[in-house]
Amino acid sequence: MSSGTKVANQEQQARSATRPQRPAPPGPLKPTRARRRPALIALGLALVALSVLASLYLATTLGKTYQVLAVNTDIPRGAAITAGDIVTAELPTGPTSLDAVSADKFDQVVDKIATADLKPGQLLTSTSFTDELAPPSGQSIVGIALTPSQMPTSQLHAGDSVRVVETPATGGEPPVEAPFAIAATVIGVSGDAALGDQTVVDVQVASGNAAALAARAATGRVAIVIDAVGAG
């Protein structure tokens with residue numbers, strides 16, 4: 001080997017020694033086993049169970065109906081409901097806001113009094129009829145607007161027996177004789193924001209006293225006295 005060739009080989013070996021070595025390629029990753037999470041598994045099973053139950057519920061209830069009572073002719077307010085005025089209708093089974101009367105109460109509705117004008121196709125509800133429409137024969141209802149000073153602080157309730165007493169004019173002398181008074185029964189009490197501090201009390205009185213009471217109530221010179229609670 002010539003000296004020139006020998007020198008060239010030495011230079012090549014020196015360059016190879018200083019060249020950076022390439023890292024070996026990584027080997028295949030070893031498969032790892034997934035961790036099981038009991039909570040997630042239980043949740044998944046619960047969701048599956050709920051789906052199955054919902055499907056079963058829909059399958060068993062869909063298409064089912066129940067019978068209720070409906071009106072098939074015009075029934076004016078205050079008229080007695082006859083057997084020919086009502087028929088049965090079907091409603092789908094399931095949650096509903098309708099307060100329809102069940103068809104098995106047919107006999108309980110006949111001869112009841114309609115509380116409002118009923119139209120054909122209208123469903124009967126528990127408020128569509130009553131035993132007796134207020135006020136009964138010989139009685140009248142009068143509304144009286146009262147300030148807090150014209151009524152007891154005790155809360156008035158429907159059924160309370162009261163007297164509506166005529167009072168003197170503002171600043172006037174109290175009457176020498178017993179003031180005019182009418183016995184009445186409280187029917188309802190209503191506070192309306194439009195009336196300010198006044199409360200409207202509906203009272204039921206004998207029809208013969210209704211006009212006199214209404215006239216005195218219009219002057220604002222009346223007060224209510226409770227005689228018996230819930231005695232009406």
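Scroll up for the structure.
Residues numbered from 1 in each chain as written. Predicted model: local features only at pLDDT ≥ 70, side-chain atom pairs only at ≥ 80, totals over all residues. Heavy atoms only, no water.

Draft legend 1. Spatial organisation of the overall build of the protein chain. Along the protein chain, the regular secondary structure elements total four helices and nine strands. When the helices and strands of the protein chain are placed in sequence order, the string is α-α-β-β-α-β-β-β-β-β-β-α-β. Taken over 232 residues, the protein chain has a buried fraction of 21%. The contacts in the protein chain between residues at least 6 apart in sequence include a share of 67% that link residues at least 24 apart. Element-wise, carbon and sulfur atoms account for 57% of the exposed surface of the protein chain, whose accessible area totals about 16,200 Å². (Helix = DSSP H or I, 4+ residues; strand = E, 2+ residues; numbered from the N terminus. Buried < 20%, exposed > 50% of the residue type's maximum accessible area, 1.4 Å probe, protein only. Contact = heavy atoms within 4.5 Å. Areas by Shrake-Rupley, 256 points an atom, 1.4 Å probe, with all protein chains shown as cover.)

Draft legend 2. Looking closely at the sheet that holds strand β8 (residues 199-206). Taken in spatial order, the five strands line up as β5-β8-β7-β6-β9 in an open sheet, and their pairing is antiparallel. Whereas interior strands pair on both sides, the edge strands pair on one side only; in this sheet they are β5 (139-146) and β9 (222-228). Neighbour to neighbour, the strand axes of the sheet diverge by 40° on average, direction disregarded. Where strand β6 (residues 161-166) meets β9, six bridges bridge the pair, whose relative direction is antiparallel. Bridge pairing in β9 links R163 to V225. (Pairing = 2+ DSSP bridges. Axes fitted to C-alpha atoms, helices over the stretch in contact; angles between N-to-C directions.)

Draft legend 3. Inspection of helix α4 (residues 207-219) at higher detail. Taken residue by residue, α4 has A210, L213 and A217 as its buried positions. Tucked into the core, α4 has its buried residues touching β5, β6, β7 (181-191), β8 and β9. Directly beyond the C-terminal end of α4, a positive phi value near 80° is found at G220.

Draft legend 4. Spotlight on unusual backbone geometry. Positive phi, close to 80°, is recorded for D111, a residue that is not glycine. Structurally, D111 is set in the loop between α3 (106-109) and β3 (113-114). A relative accessible area of 61% means that D111 is categorised as exposed.

Draft legend 5. Broad picture of the pattern of salt bridges. Considering all chains together, one arrives at four salt bridges under this definition. In this structure, the salt-bridge partner of R216 is E166, at a minimum N-O distance of 3.2 Å. Of this pair, R216 sits in helix α4 while E166 is found in strand β6, placing the two residues 50 residues apart along the sequence. (Salt bridge = Lys/Arg side-chain N within 4 Å of Asp/Glu carboxyl O.)

Draft legend 6. Inspection of the nonpolar core at higher detail. In this structure, I144, V201, V203, V205 and L213 are the most contacted members of the largest nonpolar core, which totals 18 residues. At the level of elements, β5, β6, β7, β8, α4 and β9 are the ones that each hand at least two residues to this core. (Core = buried A, V, L, I, M, F, W, Y, C linked by side-chain atoms within 4.5 Å.)

Draft legend 7. Quick peek at the pairing of β6. As judged from the five bridges shared by β6 and β7, these two strands associate in the antiparallel manner. Looking across to β7, one finds that V164 is bridged to I182.

These values are about where atoms sit, not about what they do.
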